[in-house]
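Analysis of the macromolecular model
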Amino acid sequence: MIRVQAEDFDPGLEMEKMAEGNHAIGGMCSFVGLVRDMDPSTGEDKAVKSMTLEHYPGMTEKQLEKIETLANERWDLDGTLIIHRYGKLNPGERIVLVVTASRHRQAAFDSCNFLMDWLKTKAPFWKLEETPDGGQWVDARESDNTATDKWGES
Amino acid sequence: MKVLYFAWLRSKTGVAEELLTPPESVGTVQELIDWLIERGAGYADAFADLSLVRVAVNQEYVDFSHPVKVGDEVAMFPPVTGG
(Lines give C-alpha, C1' and ligand atoms only; values in the text may rest on other atoms or scores of the structure.)
Protein backbone atom coordinates (compact mmCIF):
# COMPACT_ATOMS: atom_id res chain seq x y z
CA MET A 1 0.00 0.00 0.00
CA ILE A 2 1.22 3.50 -0.70
CA ARG A 3 0.17 6.81 0.82
CA VAL A 4 1.28 10.34 -0.06
CA GLN A 5 0.10 12.77 2.58
CA ALA A 6 0.82 16.01 4.43
CA GLU A 7 -0.05 14.52 7.82
CA ASP A 8 2.31 12.72 10.18
CA PHE A 9 2.05 8.96 10.71
CA ASP A 10 2.61 6.59 13.62
CA PRO A 11 5.16 3.92 12.58
CA GLY A 12 4.21 1.55 15.42
CA LEU A 13 0.52 1.76 14.64
CA GLU A 14 1.13 1.26 10.92
CA MET A 15 3.19 -1.86 11.62
CA GLU A 16 0.57 -3.23 14.01
CA LYS A 17 -2.11 -2.74 11.36
CA MET A 18 -0.02 -4.54 8.76
CA ALA A 19 0.61 -7.55 10.99
CA GLU A 20 -2.94 -7.77 12.31
CA GLY A 21 -4.63 -11.01 11.33
CA ASN A 22 -1.74 -12.24 9.17
CA HIS A 23 0.08 -14.89 11.17
CA ALA A 24 2.13 -16.03 8.18
CA ILE A 25 4.36 -13.02 8.81
CA GLY A 26 7.59 -13.98 10.54
CA GLY A 27 9.22 -10.57 10.60
CA MET A 28 8.88 -6.94 9.62
CA CYS A 29 11.44 -4.38 8.67
CA SER A 30 10.87 -0.64 8.80
CA PHE A 31 12.72 2.49 7.83
CA VAL A 32 11.77 5.97 9.02
CA GLY A 33 13.35 8.99 7.36
CA LEU A 34 13.59 12.20 9.41
CA VAL A 35 14.27 15.86 8.66
CA ARG A 36 17.79 16.61 9.86
CA ASP A 37 19.12 20.07 10.62
CA MET A 38 22.53 19.73 8.95
CA ASP A 39 23.35 22.21 6.19
CA PRO A 40 24.26 19.96 3.22
CA SER A 41 26.81 22.41 1.81
CA THR A 42 28.69 23.26 5.02
CA GLY A 43 27.99 20.15 7.10
CA GLU A 44 27.03 22.43 9.97
CA ASP A 45 24.38 21.14 12.40
CA LYS A 46 21.34 23.16 13.51
CA ALA A 47 21.47 25.10 10.23
CA VAL A 48 18.23 23.94 8.63
CA LYS A 49 15.19 25.69 10.12
CA SER A 50 12.60 23.82 8.09
CA MET A 51 12.18 21.82 4.93
CA THR A 52 9.47 21.97 2.31
CA LEU A 53 8.85 18.84 0.29
CA GLU A 54 7.35 19.40 -3.11
CA HIS A 55 6.01 16.54 -5.22
CA TYR A 56 4.34 15.81 -8.53
CA PRO A 57 0.83 14.64 -7.64
CA GLY A 58 -0.19 11.73 -9.83
CA MET A 59 3.29 10.75 -10.96
CA THR A 60 4.41 10.30 -7.35
CA GLU A 61 1.70 7.71 -6.69
CA LYS A 62 2.38 6.03 -10.03
CA GLN A 63 6.12 5.70 -9.37
CA LEU A 64 5.63 4.49 -5.78
CA GLU A 65 3.15 1.86 -6.95
CA LYS A 66 5.63 0.77 -9.58
CA ILE A 67 8.50 0.26 -7.14
CA GLU A 68 6.19 -1.49 -4.70
CA THR A 69 5.19 -3.91 -7.48
CA LEU A 70 8.86 -4.48 -8.36
CA ALA A 71 9.66 -5.36 -4.73
CA ASN A 72 6.75 -7.80 -4.56
CA GLU A 73 7.86 -9.47 -7.78
CA ARG A 74 11.40 -9.86 -6.51
CA TRP A 75 10.73 -11.06 -2.95
CA ASP A 76 8.04 -13.23 -1.40
CA LEU A 77 6.43 -10.61 0.84
CA ASP A 78 3.36 -10.63 3.06
CA GLY A 79 2.97 -6.88 3.12
CA THR A 80 4.54 -3.62 1.94
CA LEU A 81 3.79 -0.06 2.96
CA ILE A 82 5.24 3.23 1.75
CA ILE A 83 4.10 6.50 3.32
CA HIS A 84 5.73 9.71 2.09
CA ARG A 85 4.86 13.17 3.37
CA TYR A 86 4.93 16.49 1.54
CA GLY A 87 4.66 20.12 2.63
CA LYS A 88 6.56 22.02 5.28
CA LEU A 89 8.35 19.92 7.91
CA ASN A 90 10.59 20.86 10.82
CA PRO A 91 13.85 19.15 11.91
CA GLY A 92 13.07 15.91 13.72
CA GLU A 93 9.79 15.35 11.90
CA ARG A 94 9.14 12.12 10.03
CA ILE A 95 9.30 12.28 6.22
CA VAL A 96 8.97 8.72 5.03
CA LEU A 97 8.05 5.26 6.26
CA VAL A 98 8.77 2.00 4.49
CA VAL A 99 7.59 -1.26 6.04
CA THR A 100 8.02 -4.74 4.61
CA ALA A 101 6.71 -7.98 6.08
CA SER A 102 7.76 -11.48 5.21
CA ARG A 103 7.89 -15.07 6.43
CA HIS A 104 11.68 -14.80 6.74
CA ARG A 105 13.75 -11.83 7.81
CA GLN A 106 16.13 -11.61 4.86
CA ALA A 107 13.38 -10.80 2.36
CA ALA A 108 12.04 -8.12 4.72
CA PHE A 109 15.47 -6.51 5.21
CA ASP A 110 16.44 -6.63 1.54
CA SER A 111 13.14 -5.40 0.13
CA CYS A 112 13.01 -2.51 2.64
CA ASN A 113 16.49 -1.44 1.53
CA PHE A 114 15.50 -1.83 -2.13
CA LEU A 115 12.36 0.27 -1.69
CA MET A 116 14.26 3.11 -0.01
CA ASP A 117 17.01 3.09 -2.65
CA TRP A 118 14.46 3.18 -5.44
CA LEU A 119 12.30 5.78 -3.81
CA LYS A 120 15.30 8.08 -3.41
CA THR A 121 16.04 8.15 -7.13
CA LYS A 122 12.62 7.60 -8.77
CA ALA A 123 9.89 9.18 -6.66
CA PRO A 124 9.32 12.78 -7.83
CA PHE A 125 9.92 14.70 -4.59
CA TRP A 126 12.16 17.74 -4.13
CA LYS A 127 13.45 19.18 -0.89
CA LEU A 128 13.77 22.90 -0.28
CA GLU A 129 15.69 23.63 2.92
CA GLU A 130 15.27 26.90 4.80
CA THR A 131 18.75 27.90 6.03
CA PRO A 132 20.22 31.18 7.37
CA ASP A 133 21.24 31.90 3.74
CA GLY A 134 17.67 31.50 2.49
CA GLY A 135 15.90 28.66 0.70
CA GLN A 136 18.19 26.06 -0.91
CA TRP A 137 17.08 23.22 -3.15
CA VAL A 138 18.78 20.01 -2.04
CA ASP A 139 21.02 18.52 -4.73
CA ALA A 140 20.62 14.89 -5.73
CA ARG A 141 23.48 12.66 -4.61
CA GLU A 142 25.41 10.43 -6.98
CA SER A 143 25.71 7.87 -4.15
CA ASP A 144 21.91 7.47 -4.26
CA ASN A 145 22.10 6.53 -7.95
CA THR A 146 24.85 4.04 -7.22
CA ALA A 147 22.74 2.54 -4.42
CA THR A 148 19.81 2.08 -6.81
CA ASP A 149 21.95 0.69 -9.62
CA LYS A 150 23.27 -2.12 -7.43
CA TRP A 151 19.82 -3.77 -7.53
CA GLY A 152 20.28 -4.32 -11.24
CA GLU A 153 16.83 -3.28 -12.49
CA SER A 154 16.16 -0.12 -14.39
CA MET B 1 0.08 20.12 -24.45
CA LYS B 2 0.36 20.64 -20.71
CA VAL B 3 3.89 21.48 -19.55
CA LEU B 4 4.77 21.35 -15.84
CA TYR B 5 7.87 22.62 -14.06
CA PHE B 6 8.98 21.62 -10.57
CA ALA B 7 11.45 22.82 -7.92
CA TRP B 8 14.09 25.26 -9.21
CA LEU B 9 12.96 24.80 -12.80
CA ARG B 10 9.67 26.37 -11.75
CA SER B 11 11.49 29.22 -9.98
CA LYS B 12 13.49 29.91 -13.14
CA THR B 13 10.68 29.68 -15.69
CA GLY B 14 8.41 31.58 -13.30
CA VAL B 15 5.47 29.28 -14.04
CA ALA B 16 4.28 25.99 -12.50
CA GLU B 17 2.27 24.79 -15.48
CA GLU B 18 1.11 26.09 -18.80
CA LEU B 19 -0.93 24.95 -21.76
CA LEU B 20 1.15 25.30 -24.90
CA THR B 21 0.72 24.70 -28.60
CA PRO B 22 4.20 24.27 -30.03
CA PRO B 23 4.66 24.40 -33.82
CA GLU B 24 4.38 21.12 -35.72
CA SER B 25 8.17 21.00 -36.09
CA VAL B 26 8.37 20.17 -32.36
CA GLY B 27 8.24 16.39 -32.24
CA THR B 28 10.55 15.40 -29.36
CA VAL B 29 11.33 16.49 -25.82
CA GLN B 30 14.62 18.01 -27.02
CA GLU B 31 12.81 20.01 -29.71
CA LEU B 32 10.27 21.18 -27.15
CA ILE B 33 13.07 22.38 -24.88
CA ASP B 34 14.79 24.17 -27.78
CA TRP B 35 11.50 25.89 -28.56
CA LEU B 36 10.91 26.82 -24.90
CA ILE B 37 14.38 28.38 -24.64
CA GLU B 38 13.34 30.81 -27.40
CA ARG B 39 10.44 31.96 -25.22
CA GLY B 40 12.56 33.97 -22.80
CA ALA B 41 15.55 34.34 -20.52
CA GLY B 42 13.92 32.42 -17.67
CA TYR B 43 13.52 29.35 -19.87
CA ALA B 44 17.05 29.69 -21.24
CA ASP B 45 18.32 29.80 -17.66
CA ALA B 46 16.20 26.81 -16.58
CA PHE B 47 17.48 24.68 -19.46
CA ALA B 48 21.08 25.94 -19.48
CA ASP B 49 22.44 22.62 -18.22
CA LEU B 50 20.38 19.67 -19.40
CA SER B 51 22.41 17.23 -17.28
CA LEU B 52 20.37 18.65 -14.38
CA VAL B 53 16.99 18.23 -16.07
CA ARG B 54 14.78 15.14 -15.92
CA VAL B 55 11.68 14.71 -18.05
CA ALA B 56 8.47 12.75 -17.71
CA VAL B 57 5.86 12.40 -20.45
CA ASN B 58 2.44 11.35 -19.16
CA GLN B 59 4.05 10.71 -15.75
CA GLU B 60 6.67 8.23 -17.01
CA TYR B 61 10.40 8.98 -17.13
CA VAL B 62 11.66 9.47 -20.68
CA ASP B 63 14.83 10.67 -22.37
CA PHE B 64 15.26 13.77 -24.52
CA SER B 65 14.63 11.91 -27.78
CA HIS B 66 11.16 10.77 -26.65
CA PRO B 67 8.29 11.99 -28.85
CA VAL B 68 5.84 14.62 -27.62
CA LYS B 69 2.43 15.24 -29.14
CA VAL B 70 -0.81 17.19 -28.70
CA GLY B 71 -2.53 16.22 -25.44
CA ASP B 72 0.64 15.03 -23.67
CA GLU B 73 1.50 16.04 -20.11
CA VAL B 74 5.19 16.90 -20.14
CA ALA B 75 6.98 17.56 -16.84
CA MET B 76 10.47 19.03 -16.43
CA PHE B 77 12.27 18.82 -13.10
CA PRO B 78 15.65 18.47 -11.40
CA PRO B 79 16.94 15.07 -10.20
CA VAL B 80 14.62 13.96 -7.40
CA THR B 81 15.55 14.27 -3.72
CA GLY B 82 12.83 12.49 -1.75
CA GLY B 83 13.12 9.92 0.98
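As a reminder, the structure under discussion sits directly above these lines.
Presented here is a report on the structure given in the accompanying data block. These numbers were taken from a predicted model, which means no experiment stands behind them. (Residues numbered from 1 in each chain as written. Chains lettered and ligands numbered in written order. Predicted model: local features only at pLDDT ≥ 70, side-chain atom pairs only at ≥ 80, totals over all residues. Heavy atoms only, no water.)

Let us now look at unusual backbone geometry. One non-glycine residue with positive phi stands out, namely A:Lys46, at about 60°. In this fold, A:Lys46 is placed in the loop between β2 (27-34) and β3 (50-55). Phi is positive for B:Asn58, close to 50°, though the residue is something other than glycine. For B:Asn58, the position within the fold is in the loop between β3 (54-57) and β4 (60-62). According to the relative accessible area criterion, B:Asn58 is partly exposed, its value standing at 35%. (Helix = DSSP H or I, 4+ residues; strand = E, 2+ residues; numbered from the N terminus. Buried < 20%, exposed > 50% of the residue type's maximum accessible area, 1.4 Å probe, protein only.)

The subject of this paragraph is helix α4 (residues 142-149) of chain A. All names here are of chain A. Taken together, the buried positions of α4 are occupied by Asp144, Ala147 and Thr148. The buried residues of α4 occupy an angular sector of 95° when projected down its axis, which confines them to one face. What points out from α4, more than 90 degrees from its buried face, is the exposed set Glu142 and Asp149. Considering only its buried residues, α4 is in contact with α3 (105-122). (Arc of directions from axis to C-beta. Contact = heavy atoms within 4.5 Å.)

Within a beta sheet, neighbouring strands are joined by backbone hydrogen bonds and run either parallel or antiparallel to one another. Residue and element names in this part refer to chain A. Spatial strand order, β1-β4-β6-β2: four strands in an open sheet with mixed pairing. At either end of the open sheet lies a strand with only one pairing partner, and these are β1 (2-5) and β2. Going across the sheet, the axis of each strand differs from the next one's by a mean of 10°, ignoring polarity. Bridge analysis of β1 against strand β4 (residues 77-85) gives four bridges, and the strand direction is parallel. Bridging across to β4, Ile2 finds its partner in Ile82. Against the sheet, helix α2 (residues 59-74) engages β1 and β4, with an angle of about 155° to β4. (Pairing = 2+ DSSP bridges. Axes fitted to C-alpha atoms, helices over the stretch in contact; angles between N-to-C directions.)

Attention now goes to the environment of A:Cys112. All names here are of chain A. Among the structural elements, Cys112 can be located in helix α3. Residue classification places Cys112 among the buried residues on the basis of a relative accessible area of 5%. Sequence separation of Cys112 and Leu97 is 15 residues, and the distance between their C-alpha atoms is 9.9 Å. Setting aside residues no more than four positions away along its own chain, Cys112 makes contact with Cys29, Ser30, Phe31, Val98 and Thr100.

A:Leu64, A:Ile82, A:Val98, A:Phe114 and A:Leu119 are the most contacted members of the largest nonpolar core, which has 28 residues in total. Secondary structure elements with two or more residues in this core: β1, β3, α2, β4, β6 (94-102) and α3 of chain A. Here this core gets eight residues from one element, more than from any other, and that element is α3(A). Beyond its immediate stretch of four places on either side in the chain, A:Val98 contacts A:Cys29, A:Ser30, A:Phe31, A:Leu81, A:Ile82, A:Cys112, A:Leu115, A:Met116 and A:Leu119. Within the second largest apolar cluster, 22 residues are counted, among which are B:Leu9, B:Ile33, B:Val68 and B:Val74. (Core = buried A, V, L, I, M, F, W, Y, C linked by side-chain atoms within 4.5 Å.)

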